[in-house]
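Examining the three-dimensional arrangement
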Amino acid sequence: MAINEVAVVSVSHLNKVYLSRERRVEAIGDLTFDVAAGDFTCIVGPSGAGKTTLLKCLSGLLAPTSGAILVNGHAVVGPPAEMAVVFQEYGRSLFPWKTVRENIELPLREKKIAKAERARLVDEALAAVALTGAADSYPWQLSGGMQQRVAIARAVAYQPKVMVLDEPFAAVDAQTRADLEDLMLRLWTELDLTVIFVTHDIDEAVYLGQRVLVLSSSPTRILDDVPIDIAGPRSQATTRVEPGFAELRTRVYRGIQQAKASQSIKG
Amino acid sequence: MRDTLVRSAGKILHRLAIELALPLGLFGLLLAVSANSTNFYFPPLARVLDRFDALWLGPRFATDVLPSLGRLIAGYTIACLTGIAIGVPLGMFRPLRRAAEPVLEFFRAIPPPALIPVLVMLAGFGDTMKVAVIVTGAIWPILLNTVEGVKGADMVLDETCRTYQIKGMSRLWNFVLPSASPQVVVGMRVGLSIGIILMVISEMFAATTGLGAAIIVFQRSFEIPEMWSGVLMLGLFGFALSVVFRLFERRALKWYYGMRDLERRS
């Protein structure tokens, strides 16, 4: 199978059921998908679609009830070393007692990377997110958007096989958000990253992704797998008004409306 | 640069003036009111100061203040280290905490001075007993605050550690201890004042040297100005220690105060 040879992340028949004394909640029904090396995959779904559950399973923070996840060919049993995760809550995912540089450097020290090499990686990552001047600041001295750039720089410096982002721009203002989206696209092209980007924002998913997976509401399945065939580099000014963009956006939007409708019938 | 220096120097002087106004005023008032006192138990402050000068700035500093300080430092250091060492695993592992909680609550409920007779039997009248008394009292706020601080670590930061493979000792040094440190320091501050109280009590109970012992001896021999000068010395002793502690706190938790001040301003 050619597709499996290049799949950095491979999810097959993932199922997650939360059991408590009173009830049994099936968060994820049955998910199967592959993410190829170098791909930018966006995952969208209505709220309550089990996006967070999926992400926690992918990043090894939560054990699936059944099914398998492979990252770089290895079964995920705990957080995989080849993956970097960027959380939505940037203010809580950076160490406030460490400077920006120390925050980015710590995972590299765990990887036993030599000091000179660490310094180079940190400098490059900071330059890539245009934060060279903030290296010796504390995260809390920076704006929200800058803090999230630090978290992205930390993930970049880590040199993961796959970078996973959980609604990373949900908590910043619209302008900053557009800037961060373009930053992600630039990093993806320049650094040859493999990205899984979870969002609830349809426009964002279509604008960023090479492919958009539309999730149903819980118990989650894949409703649609939309290849985003917008040619050429994307731009906030022009891409969003292209006819192709509107069509794709509509397709994803309908999918999500359908997911919500089926949820309200059940509910 | 020079401007900001001058301005911050001015700021410090201004603050100093505000902070010193009340103590100096009270001191002057007391000096004036007590000047003609003929009450045996409340001698003129001037006489107390005279005794203070002769005793505490003289030989008594080495024979009483230093032994007291030594005991306190020894007891307080042991209390800090063991309190944190026990508190960290209890904060990290819930089953351990559940198992230990009733025992901890029990020992915490015993007023440490009540243990002095027991400790005298076990450790005699020497310094070991006094240090042990200080430890048994000062350890609780440190231990319990450490447990709370470790327990309150941020979930997202914990997941960040896990995804970046930060575990074991590195997790302890880079995540668990720093994130608990503001709360640990709160416990250490309370522990220090309890430590000073117990230092004095244990010395009053059984000692020939130390601030507590000196005050008791003066009182028993009706050397009232000397006794008061001892109380004054004790007050200054505690004040000096709390100043030192505040300096340590500002330094160790620089990030925390920086973050908090910023949040307050916005």
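Here the structure is shown first, and the text comes after it.
My aim in this report is to walk through the structure given alongside it, one point at a time. (Residues numbered from 1 in each chain as written. Chains lettered and ligands numbered in written order. Predicted model: local features only at pLDDT ≥ 70, side-chain atom pairs only at ≥ 80, totals over all residues. Heavy atoms only, no water.)

This part is about the interface of chain A and chain B. Contacts between the two partners involve 29 residues from chain A, matched on the other side by 22 residues from chain B. Together, the buried faces of chain A and chain B total about 2300 Å²; carbon and sulfur atoms form 65% of this surface. Summed over the three residues of chain A that lose the most area to chain B, namely Arg-92, Trp-97 and Trp-140 of chain A, the buried surface amounts to 31% of that side. Taken together, the links from chain A to chain B amount to two salt bridges. (Contact = heavy atoms within 4.5 Å. Buried area = accessible area lost by both parts, 1.4 Å probe. Salt bridge = Lys/Arg side-chain N within 4 Å of Asp/Glu carboxyl O.)

What follows concerns the nonpolar core. Counting 117 residues, the largest nonpolar core has Ile-152, Phe-197, Val-212 and Val-252 of chain A together with Trp-56 of chain B as its most contacted members. For this core, the leading source of residues is helix H8 (residues 168-205) of chain B, giving 12 residues. Those residues in contact with Phe-197 of chain A, other than ones at most four positions away along the chain, are Phe-40, Thr-41, Cys-42, Ile-43, Leu-165, Pro-168, Phe-169, Met-184, Glu-204 and Leu-208 of chain A. Of all hydrophobic cores here, the second largest spans 28 residues; its members include Val-8, Ile-69, Phe-87 and Val-198 of chain A. (Core = buried A, V, L, I, M, F, W, Y, C linked by side-chain atoms within 4.5 Å. Buried < 20%, exposed > 50% of the residue type's maximum accessible area, 1.4 Å probe, protein only. Helix = DSSP H or I, 4+ residues; strand = E, 2+ residues; numbered from the N terminus.)

A word on the sheet that holds strand S2 (residues 24-36) of chain A. Residues and elements named next belong to chain A. Spatially, the four strands line up as an open sheet ordered S2-S1-S4-S5, and their pairing is antiparallel. Since the sheet does not close on itself, it has two edges, and those belong to S2 and strand S5 (74-75), each with one partner. With nine bridges joining them, strand S1 (residues 7-19) and S2 adopt antiparallel strand pairing. Bridge pairing in S2 links Val-9 to Val-35. Across the sheet, helix H2 (residues 51-58) lies against S1, S2 and strand S4 (66-71), angled at about 120 degrees from S1, the strand it touches most. (Pairing = 2+ DSSP bridges. Axes fitted to C-alpha atoms, helices over the stretch in contact; angles between N-to-C directions.)

Before going further, it helps to spend a moment on the pattern of salt bridges. Residues and elements named next belong to chain A. Enumeration over the complete set of coordinates arrives at 26 salt bridges over all chains. When the shortest N-O distance is used, the salt bridge between Arg-101 and Asp-123 registers 2.8 Å. With Arg-101 in helix H4 (residues 100-110) and Asp-123 in helix H5 (residues 115-128), this residue pair connects regions lying 22 residues apart in the sequence. The partner of Glu-117 in a salt bridge is Arg-120, and the shortest N-O contact between them spans 2.9 Å. Separated by three residues within a single helix, Glu-117 and Arg-120 lie in helix H5, roughly one turn from each other. Residue Glu-117 is classed as partly exposed on the basis of its relative accessible area of 30%. Taking the relative accessible area as the measure of exposure, Arg-120 reaches 38% and is therefore partly exposed. Linked through salt bridges whose partners overlap, the residues forming this network are Arg-177, Glu-181, Asp-201, Asp-203, Glu-204, Arg-240 and Arg-249.

Here we come to helix H5 (residues 116-123) of chain B. Residue and element names in this part refer to chain B. Buried residues of H5: Ile-116, Leu-119 and Val-120, and no others. Buried residues of H5 fall within an arc of 105 degrees about the axis and therefore sit on the same side. Summarising the geometry of H5, the exposed residues directed more than 90 degrees from the buried face are Met-121 and Leu-122. Residues of H5 that are buried make contact with helix H6 (127-151) and H8. (Arc of directions from axis to C-beta.)

With that settled, the discussion passes to unusual backbone geometry. In this structure, the amide linkage connecting Ser-218 of chain A to the following residue, Pro-219 of chain A, adopts the cis form with an omega of -10 degrees. Backbone geometry at Ala-130 of chain A places phi at a positive 55 degrees, although glycine is not the residue there. According to the relative accessible area criterion, Ala-130 of chain A is exposed, its value standing at 54%. Although it is not a glycine, Phe-222 of chain B sits at a positive phi angle of roughly 55 degrees. Overall, Phe-222 of chain B belongs to the exposed group, its relative accessible area being 53%.

Two residues of an α-helix separated by three or four positions point the same way, owing to the 3.6 residues in each turn. Counting buried positions along H2 of chain A yields six of eight residues, so the element is predominantly enclosed. Looking one or two residues past H2 of chain A, Gly-60 of chain A carries a phi angle of roughly 75 degrees, positive in sign.

Any space left empty among the atoms is revealed by the rolling of a water-sized probe across them. For the largest pocket, the calculated volume is near 480 Å³. Lining of the largest pocket is provided by 14 residues; of these, Arg-15, Leu-16, Glu-19, Val-243 and Arg-246 of chain B occupy positions nearest its centre. Contributions of two or more residues to the lining of the largest pocket are made by helix H1 (2-33) and helix H10 (224-252) of chain B. Per-element tally for the lining of the largest pocket: the top contributor is H1 of chain B, with eight residues. Looking at the lining of the largest pocket residue by residue, the classes come out as seven nonpolar, two polar and five charged. Lining of the second largest pocket is provided by 21 residues; of these, Pro-96 and Trp-97 of chain A together with Asp-154, Leu-157 and Met-259 of chain B occupy positions nearest its centre. In terms of residue count, the dominant contributor to the lining of the second largest pocket is H8 of chain B (four residues). Here the residues of the lining of the second largest pocket sort into 12 nonpolar, six polar and three charged. (1 Å grid on protein atoms, 1.4 Å probe; cavity = no way out; pocket = protein on both sides within 12 Å on 5 of 7 lines; lining within 4 Å. Points joined across faces, edges and corners; volume = space filled by probe spheres on them. Nonpolar A, V, L, I, M, F, W, Y, C, P; charged D, E, K, R; others polar.)

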